[in-house]
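Understanding the architecture of this molecule
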Amino acid sequence: MNLFKYETHLHTSQASACASTAGKDYIKAFYDIGYSGIFVTDHFFGGNTAAPREADWETKVNVYCSGYEDAFAEAQKFNKENGLLGTEKEFRVFFGIEQTFKGDDYLIYGFDKKWLLEHPEIEIMRHKEVFSEVNKVGGLMIQAHPFRLRDYIQSIHLHPREVHGVEIYNGGNKPSENELAELYAQKYDFPVTSGSDIHSVNFIPDAPGKLPLGGMAFETPLKDVFDYAERIKRKEGELIR
């Protein structure tokens, strides 16, 4: 069966201070190894963002969304040049964010640039408030790499009442950290996801057909972020790991 594969956790140099690849440079690289699309989930203002922290809200949002917009524009160009536009093989680029709360990170799908511009209060919202807003728009909130321990992470925080699911495979995690995430998800019967957490195109293998570090696969193409949210909530899709 031909599965449609999507990278769910990706960072661009325009909006994530720790990334080294521009959004446009991911498109052909992922397409060449058989992926149907990517979710750009740059670090939001609670994390390692590249947006100027002292700028006005509109400027910050514009900078933040520029990595996604760069990737989206390149995908549209790529699809047109290769006759893919409007077909099942069209390469899709979706918008998401990765927000950080005192070290614990969440992948949020369902907000767009317009929503961000209209809700500057998101910058100071807590877990429960963000989760409520995600539910209002029919989106998805996934805790990313919940058991990751690094020098910059002081402690592990879990919020099982304020999450739709758990990323149980993260390409940047140690195997033991992924295993703990899977046990946590099983304990609470959460939907689960996989993502590479890619920050550089250099992490994508050169060999055609060889998979990179993570993602989700489905039997039919994704329509939009809300389609993705509903499928994950229904526990559909296969983990790439």
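Our structure's up above, just so we're on the same page.
Here's a quick rundown of the structure. Since we're looking at a predicted model, the values are computed, not measured.

Considerations on the pattern of salt bridges
- Here the structure, examined in full by the defined rule, presents 12 salt bridges.
- Of the charged contacts in the structure, one is a salt bridge between D197 and R148, with a shortest N-O distance of 3.1 Å. Of this pair, D197 sits in the loop between strand 7 (192–195) and strand 8 (215–218) while R148 sits in the loop between strand 5 (140–144) and strand 6 (165–170), placing them 49 residues apart in sequence. Of the two residues examined, D197 and R148, each falls in the buried class.
- One salt bridge connects K235 with D189, and the closest N-O pair in it is separated by 2.6 Å. A residue pair is termed long-range when its members are at least 10 positions apart, and K235 in the loop between helix 6 (225–233) and strand 9 (238–240) and D189 in the loop between helix 5 (175–188) and strand 7 qualify at 46 residues.

Examining the side chain of H9
- Tracing the backbone through its elements, the reader meets H9 in strand 1 (residues 4–10).
- By relative accessible area, H9 is classed as buried at 0%.
- Among the polar contacts listed, one links the side chain of H9 to the side chain of D197, at a separation of 2.9 Å.
- Not counting chain neighbours up to four residues away, the residues in contact with H9 comprise F39, T41, E98, L107, A144, H145, E167, N170, G195, S196, D197 and I198.

Digging into the state of the cysteines
- Tallied over the entire structure, the rule returns 0 disulfides.
- For the unlinked cysteine C18, the closest cysteine sulfur is that of C65, found at 17 Å.
- Residue class for C18 comes out partly exposed when judged on its relative accessible area of 38%.

Cut-offs applied
Residues numbered from 1 in each chain as written. Predicted model: local features only at pLDDT ≥ 70, side-chain atom pairs only at ≥ 80, totals over all residues. Heavy atoms only, no water. Salt bridge = Lys/Arg side-chain N within 4 Å of Asp/Glu carboxyl O. Helix = DSSP H or I, 4+ residues; strand = E, 2+ residues; numbered from the N terminus. Buried < 20%, exposed > 50% of the residue type's maximum accessible area, 1.4 Å probe, protein only. Polar contact = N/O pair within 3.5 Å; in protein donor to acceptor, adjacent residues only side chain to side chain. Contact = heavy atoms within 4.5 Å. Disulfide = S-S within 2.5 Å.

By themselves, these observations are geometric and do not establish any function.
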